[in-house]
Amino acid sequence: VTAVLQLEVPAVLNSVTPLAALTAGLAAEAALPKPRAYALRLAVEELLVNIVEHGYGPDDPDGKVLVEGDVTEDRIWVRLTDWAPEFDHTRFAEPADLEQPLSRREPGGLGLHLVRRSVDVTTYSYVGGANRTTVVLFREPVRVTIGEHRGQAEHQG
Amino acid sequence: VSETTEGVWWSPGARGAETPIAVRFTERDGVTVVAFDGALDAGTAPLAHQRATAILAQGRPVVLDLTRVPYVSSAGLRMLLLLHRHARRIAGAPMVLAGASAELLSVLEATGFLRFLPAFRTVGEGVRAALLAAGPATVLSQPVVRG
């Protein structure tokens, strides 16, 4: 049994690099196929970027993000904890302009859309001043809706 | 196909960026080919964007070569969007993608990018497509064989 990986990073964009290393390690341990490893890296990056840009924002250069993750028998999970104001990333609406020509789109807004399509489950809680967002990928592909499996992921947290 | 290399490799950002990104450009039949080497993520995309924008100043049709890009996040997508807009604004120059892996294509497709930024398997195919999209004048002066 391996210990949960833990990493605390400053809430800056360059922290995507150590997080990419963390997710690569988890993906290797779980022997995830390449597209799923990509999806895990992508979901974690997009959540971090969202915390940096919209959670702490430019006015809080001292923000920290705690990242934890583990591989269990049936899943890989990664949890990001931040102490920015309460923000439920999982409730973000679909970006409205996916159908728009590129010349008419607003830059950005795609990140949380990518999180949702990349992982099997995302859960969120705000407890004791901490935002905790958890993403889960099942090791065997499953065909379920997110709602059906929320309960399962929450007992991880 | 004649290929004139005017390329320059740029090193990764100075301030300890651990994910390197290199941007290289070549000219092929009047088309600017911009090749990225490395992940296009939130750490690297701003620098890659800056380098690529400087290259696009010439206003020719453009192929963005993603052959050596293993990973693109929304920050990389944002860069592609801004480059696309920049290319249109400065010369109405067409821009296409080439060499994207299956994983990249999946992300580009899911975000609607492929509908507006066409992707080709190889740089050669991308160059031909960019020339055709650039219009008859360019095609006549730079004849190409259709694949």
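Residues numbered from 1 in each chain as written. Chains lettered and ligands numbered in written order. Predicted model: local features only at pLDDT ≥ 70, side-chain atom pairs only at ≥ 80, totals over all residues. Heavy atoms only, no water.

Engineer: Is there a simple way to explain helix 3 (residues 111-118) of chain A in this structure?
Structural biologist: Counting along an α-helix, one turn takes 3.6 residues, and residues three or four places apart therefore face a common direction. Across the eight residues of helix 3 of chain A, seven count as buried, placing the element largely inside the fold. Within helix 3 of chain A, burial applies to A:Gly111, A:Leu112, A:His113, A:Leu114, A:Val115, A:Arg116 and A:Ser118. (Buried < 20%, exposed > 50% of the residue type's maximum accessible area, 1.4 Å probe, protein only. Helix = DSSP H or I, 4+ residues; strand = E, 2+ residues; numbered from the N terminus.)

Engineer: I tried to follow the interface of chain B and chain A on my own but got confused; where do I start?
Structural biologist: Interfaces are often sized by the amount of accessible area the parts lose when they come together. Listed per partner, the contact involves 30 residues of chain B and 29 residues of chain A. Among the residues of chain B in contact with chain A, B:Tyr71, B:Glu103 and B:Phe116 are the three that bury the most area, contributing 23% of the side total. The residue A:Arg41 makes a salt bridge to B:Asp41 at a minimum N-O spacing of 3.7 Å. Scanning the region where chain B abuts chain A turns up seven residue pairs in polar contact (both at pLDDT 80 or more). When contributions to the side of chain B that touches chain A are tallied by element, the ones reaching two or more residues are helix 2 (74-91) and helix 3 (102-110) of chain B. Per-class residue counts for the side of chain B that touches chain A are 15 nonpolar, eight polar and seven charged. (Contact = heavy atoms within 4.5 Å. Buried area = accessible area lost by both parts, 1.4 Å probe. Salt bridge = Lys/Arg side-chain N within 4 Å of Asp/Glu carboxyl O. Polar contact = N/O pair within 3.5 Å; in protein donor to acceptor, adjacent residues only side chain to side chain. Nonpolar A, V, L, I, M, F, W, Y, C, P; charged D, E, K, R; others polar.)

Engineer: Whenever I open this one, the packing of helix 3 of chain A against helix 3 of chain B confuses me. Can you help?
Structural biologist: Helix-helix packing: each pair is described by the crossing angle between the helix axes and the interaxial distance. Look at helix 3 of chain A against helix 3 of chain B: their axes get within 11 Å of each other, and the N-to-C directions meet at 120°. Here helix 3 of chain B runs oblique to helix 3 of chain A, going by the angle between their axes. In this structure, helix 3 of chain A meets helix 3 of chain B at a crossing whose hand is right-handed. The segment helix 3 of chain A lies against helix 3 of chain B, with A:His113, A:Leu114 and A:Arg117 engaging B:Ser106, B:Val107 and B:Ala110. Classifying every residue of the contact of helix 3 of chain A with helix 3 of chain B gives three nonpolar, two polar and one charged. (Axes fitted to C-alpha atoms, helices over the stretch in contact; angles between N-to-C directions. Parallel < 35°, antiparallel > 145°, perpendicular 65-115°, else oblique. Left-handed = near helix turned anticlockwise from the far one by under 90°.)

Engineer: Would you explain the packing of aromatic side chains in this entry?
Structural biologist: Any two aromatic rings considered together are summarised by their centre-to-centre distance and by the angle between their planes. Enumeration over the complete set of coordinates arrives at one aromatic pair over all chains. The positively charged end of A:Arg41 is found above the aromatic ring belonging to B:Tyr71, 3.7 Å away from the centroid. (Phe/Tyr/Trp six-rings, centres within 6.5 Å; stacked < 30°, edge-to-face > 60°. Lys NZ or Arg CZ within 6 Å of the ring centre and 35° of its normal.)

Engineer: In this structure, what is going on with the confidence of the model for chain A? I would like to understand it.
Structural biologist: Atomic detail in the predicted coordinates should be set aside for any region of low pLDDT. Overall, the predicted model of chain A reaches an average pLDDT of 84, with 78% of residues at or above 70. Contacts for the low-pLDDT stretch residues 148-157 of chain A, under 50 throughout, to residues beyond four places or in other chains number 19 contacts. (pLDDT = per-residue confidence, 0-100.)

Engineer: Explain unusual backbone geometry to me, please; I cannot follow it from the model alone.
Structural biologist: Keep in mind that most residues, glycine aside, have a negative phi and that most peptide bonds are trans. At A:Ala31, a residue that is not glycine, the phi angle is positive and equals roughly 55°. Within the fold, A:Ala31 resides in the loop between helix 1 (16-29) and helix 2 (34-56). The backbone of B:Asp29 shows a phi angle near 55°, a positive value even though the residue is not glycine. By the secondary structure assignment, B:Asp29 is in the loop between strand 2 (22-28) and strand 3 (31-37). When its relative accessible area of 17% is taken as the criterion, B:Asp29 is described as buried.

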